[in-house]
Amino acid sequence: MERSKPAHHTPRTAFVLQGGGALGAYQAGAYEALAERDRAIDWVAGISIGAINAALIAGNRPERRVECLMAFWNEVSLALLPSSAVGEALGPMRGWWDTGMAMLGAWHGVPGFFAPRAPLAWWPQPPVSVYDTTPLHRTLLELVDFDLLNDGPVRFSVGAVDVQSGEFVYFDNRRERITADHVMASGALPPGFPAIRIGERWYWDGGVVSNTPLAHVMAHLQESPTAPVTIFQVDLFGARGPLPQTLADVEERAKDIQYSSRTRRVSEQVRQRHQLHQRLRRLAAHLTPTQRELPAVKELLAGTDDPPVTLVHVVHRRKSYETQTKDYEFSRLSMTEHWGAGLADMNAALELLQRQPPVGAGEFRVLEAKAR
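Values in this document were obtained by computation on a predicted structure and should not be read as measured data.

Thresholds, definitions, all that
Residues numbered from 1 in each chain as written. Predicted model: local features only at pLDDT ≥ 70, side-chain atom pairs only at ≥ 80, totals over all residues. Heavy atoms only, no water. Helix = DSSP H or I, 4+ residues; strand = E, 2+ residues; numbered from the N terminus. Buried < 20%, exposed > 50% of the residue type's maximum accessible area, 1.4 Å probe, protein only. Salt bridge = Lys/Arg side-chain N within 4 Å of Asp/Glu carboxyl O. Patch = residues over 30% accessible without salt bridge, like charges linked within 9 Å, V, L, I, M, F, W, Y side chains within 5 Å. Areas by Shrake-Rupley, 256 points an atom, 1.4 Å probe, with all protein chains shown as cover. Phe/Tyr/Trp six-rings, centres within 6.5 Å; stacked < 30°, edge-to-face > 60°. Lys NZ or Arg CZ within 6 Å of the ring centre and 35° of its normal. Polar contact = N/O pair within 3.5 Å; in protein donor to acceptor, adjacent residues only side chain to side chain. Contact = heavy atoms within 4.5 Å. Arc of directions from axis to C-beta. Core = buried A, V, L, I, M, F, W, Y, C linked by side-chain atoms within 4.5 Å. Axes fitted to C-alpha atoms, helices over the stretch in contact; angles between N-to-C directions. Parallel < 35°, antiparallel > 145°, perpendicular 65-115°, else oblique. pLDDT = per-residue confidence, 0-100. Pairing = 2+ DSSP bridges. Right-handed = clockwise from strand over helix to strand, strands pointing away.

1. Examining unusual backbone geometry
With an omega of -5 degrees, the peptide bond between proline 190 and proline 191 qualifies as cis. Structurally, proline 191 is set in the loop between α8 (180–186) and β7 (196–198). With a phi close to 60 degrees, serine 48 is a non-glycine residue in the positive phi region. Among the structural elements, serine 48 can be located in the loop between β2 (43–46) and α2 (49–58). You can call serine 48 buried: its relative accessible area is 12%.

2. A word on the pattern of salt bridges
For the coordinates displayed, the defined rule picks out 18 salt bridges. Of the charged contacts in the structure, one is a salt bridge between arginine 94 and glutamate 337, with a shortest N-O distance of 2.8 Å. Here arginine 94, found in helix α5 (residues 94–108), pairs with glutamate 337, found in helix α13 (residues 332–354); they are 243 residues apart in sequence, far enough to count as distant. Ionic pairing is found between arginine 240 and glutamate 368, a salt bridge with its closest N-O pair at 4.0 Å. Placement of arginine 240 in the loop between β9 (229–235) and α10 (247–284) and of glutamate 368 in strand β11 (residues 364–368) is noted, with a sequence separation of 128 residues between them.

3. Topic: a nonpolar patch on the surface
Taken together, the side chains of Leu189, Val208 and Val209 present a nonpolar region at the surface, about 210 Å² in accessible area. Tracing the backbone through its elements, the reader meets valine 209 in the loop between β8 (201–205) and α9 (214–219).

4. As for the packing of aromatic side chains
According to the stated counting rule, one finds 12 aromatic pairs in the structure shown. Centroid distance tyrosine 131 to phenylalanine 193: 6.3 Å. Interplanar angle 75 degrees. Geometry classified as edge-to-face. Of this pair, tyrosine 131 sits in strand β4 (residues 131–132) while phenylalanine 193 sits in the loop between α8 and β7, placing them 62 residues apart in sequence. Here tyrosine 131 and phenylalanine 193 have matching classes, each one buried. The lysine or arginine in question, arginine 155, covers the ring of tryptophan 43, its NZ or CZ lying 4.2 Å from the ring centre.

5. Considering the environment of alanine 35
Residue placement: alanine 35 occurs in helix α1 (residues 25–36). Residue alanine 35 is classed as partly exposed on the basis of its relative accessible area, which comes to 23%. Sequence spacing of alanine 35 and valine 66 is 31 residues, and the spatial spacing of their C-alpha atoms is 7.7 Å.

6. Quick word on the side chain of asparagine 150
Relative to the helices and strands, asparagine 150 resides in helix α7 (residues 146–151). On the basis of relative accessible area, asparagine 150 is assigned to the buried category, the value being 3%. A distance of 2.7 Å separates a polar side-chain atom of asparagine 150 from the backbone oxygen of phenylalanine 146.

7. Let's talk about the environment of alanine 55
Topologically, alanine 55 is positioned in helix α2. Sequence-wise, alanine 55 and leucine 140 are 85 residues apart; in three dimensions their C-alpha atoms are separated by 8.3 Å. Beyond its immediate chain neighbours, meaning those up to four positions away, alanine 55 contacts Val144, Leu149, Phe156 and Val183.

8. Here's the deal with helix α6 (residues 134–143)
Every α-helical turn comprises 3.6 residues, leaving residues that sit three or four positions apart pointing alike. If you check which residues of α6 are buried, you get Pro135, Leu136, Thr139, Leu140 and Leu143. Mapping the buried residues of α6 onto a view down its axis gives an arc of 135 degrees, with all of them on the same face. The inward-facing, buried residues of α6 contact α2, α3 (62–75), β4, α7 and α8.

9. Some points on the nonpolar core
Within the largest apolar cluster, 69 residues are counted, with the highest numbers of intra-cluster contacts made by Phe15, Val44, Trp73, Phe113, Phe156 and Met346. Here this core gets nine residues from one element, more than from any other, and that element is α13. Membership of the second largest hydrophobic core comes to 15 residues, among which are Ala14, Leu214, Val229 and Ile231.

10. Section: the packing of α3 against α13
Packing of α3 against α13 leaves a shortest axis separation of 10 Å and a crossing angle of 150 degrees. By the angle class used here, α3 and α13 are roughly antiparallel. Contacts between α3 and α13 pair Val66, Leu69, Met70, Trp73 and Asn74 from the former with Arg332, Met335 and Trp339 from the latter.

11. Description of the confidence of the model for the protein
Mean pLDDT for the protein: 87, with 90% of residues reaching 70 or above. Confidence drops under pLDDT 50 across residues 4–9; counting only partners more than four residues distant or on other chains, this segment forms 10 contacts.

12. Things to note about the side chain of arginine 155
Structurally, arginine 155 is set in strand β5 (residues 155–162). In this structure the side chain of arginine 155 is engaged in a polar contact, spanning 3.0 Å, whose partner is the side chain of aspartate 172.

13. Let's talk about the pairing of strand β1 (residues 13–17)
Most of β1 is tucked away: five of the five residues are buried. Alternating residues of β1 divide into Thr13, Phe15 and Leu17 and Ala14 and Val16, and every residue in both groups is buried. Bridge analysis of β1 against β9 gives five bridges, and the strand direction is parallel. For threonine 13, the partnering residue across the bridge sits in β9 and is threonine 230. Note: β1 against β2, four bridges, orientation parallel. If you follow leucine 17 over to β2, its bridge partner there is glycine 46. Handedness of the β1-α1-β2 crossover: right-handed.

So this is what it looks like as structure tokens:
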């Protein structure tokens with residue numbers, strides 16, 4: 001049954017979070033920058049690790065969100081080398097260190113997140129997976145107030161894929177009651193993590209189909225078409241990168257392109273649709289009042305009353321030492337670096353946004369900034 005949204009709720013600032021595993025600490029740092037400037041979030045949408053960060057934001061009061069994000073990322077990071085100074089001392093060996101830490105997590109699991117299954121537990125009955133994510137379920141219940149997430153002022157949406165039908169779906173707190181299982185379904189990346197059952201259906205990570213929930217957010221902005229909207233899209237994979245020199249570089253570059261290209265494609269499709277809607281409305285303005293009342297014209301203009309939108313891309317840039325393991329390398333050292341990069345890049349984006357003139361009626365503006 002669809003749940004009615006509170007009458008006072010008008011989405012004006014959306015925080016859109018891509019999937020990317022261990023890189024998700026970057027999103028937490030980006031949120032800290034928003035919190036430091038008291039930038040309110042009306043809508044948070046995520047996929048995979050973005051869904052977990054989204055739950056930590058929507059499921060806590062503003063004054064506790066950064067604290068709970070840090071609690072989660074401290075819990076799921078391996079604290080063998082906590083000092084960034086030590087990381088710098090590794091020099092050219094840093095890539096080998098990160099790969100070793102990724103292999104350690106893959107072998108032993110990550111506290112508060114996932115643990116390896118016994119080999120015979122992989123088969124034959126569902127849910128089939130390499131790891132057990134029961135630890136994540138406990139962590140979510142400890143750090144997320146699901147009553148607040150469902151009944152609070154922040155809209156919450158996460159994407160997942162129906163394993164049997166292949167259909168992409170969104171779980172949205174304006175339509176249904178969200179539980180820890182909905183969040184885990186969005187992050188159930190096969191074959192590592194098990195499908196999550198909700199009702200009679202089984203779900204996998206939304207990133208299997210699309211790694212960004214931007215299209216879902218844009219499709220529902222007509223609920224308040226006259227209010228300007230700012231969307232912060234935090235991407236964990238960069239579309240641009242150097243020519244690979246080794247097989248490991250090839251695997252990493254392919255992963256970047258696979259996940260970032262989907263986000264770029266969705267962004268471009270959203271921009272083109274927004275512009276098409278504005279052209280249709282300008283064309284309709286030349287019709288007579290009688291013509292504008294024709295059923296065919298009304299049908300054509302339905303859903304074209306878009307609000308002015310500013311889409312702010314905040315993109316995690318590749319570091320020279322990173323390898324193809326970066327999305328499952330959960331060391332405390334890397335987590336701290338990802339967090340700091342997100343904080344710096346979002347601050348740069350906010351400074352750029354502050355220098356922009358007000359967005360005009362029907363305008364779709366795209367901004368992208370990174371820290372110097």
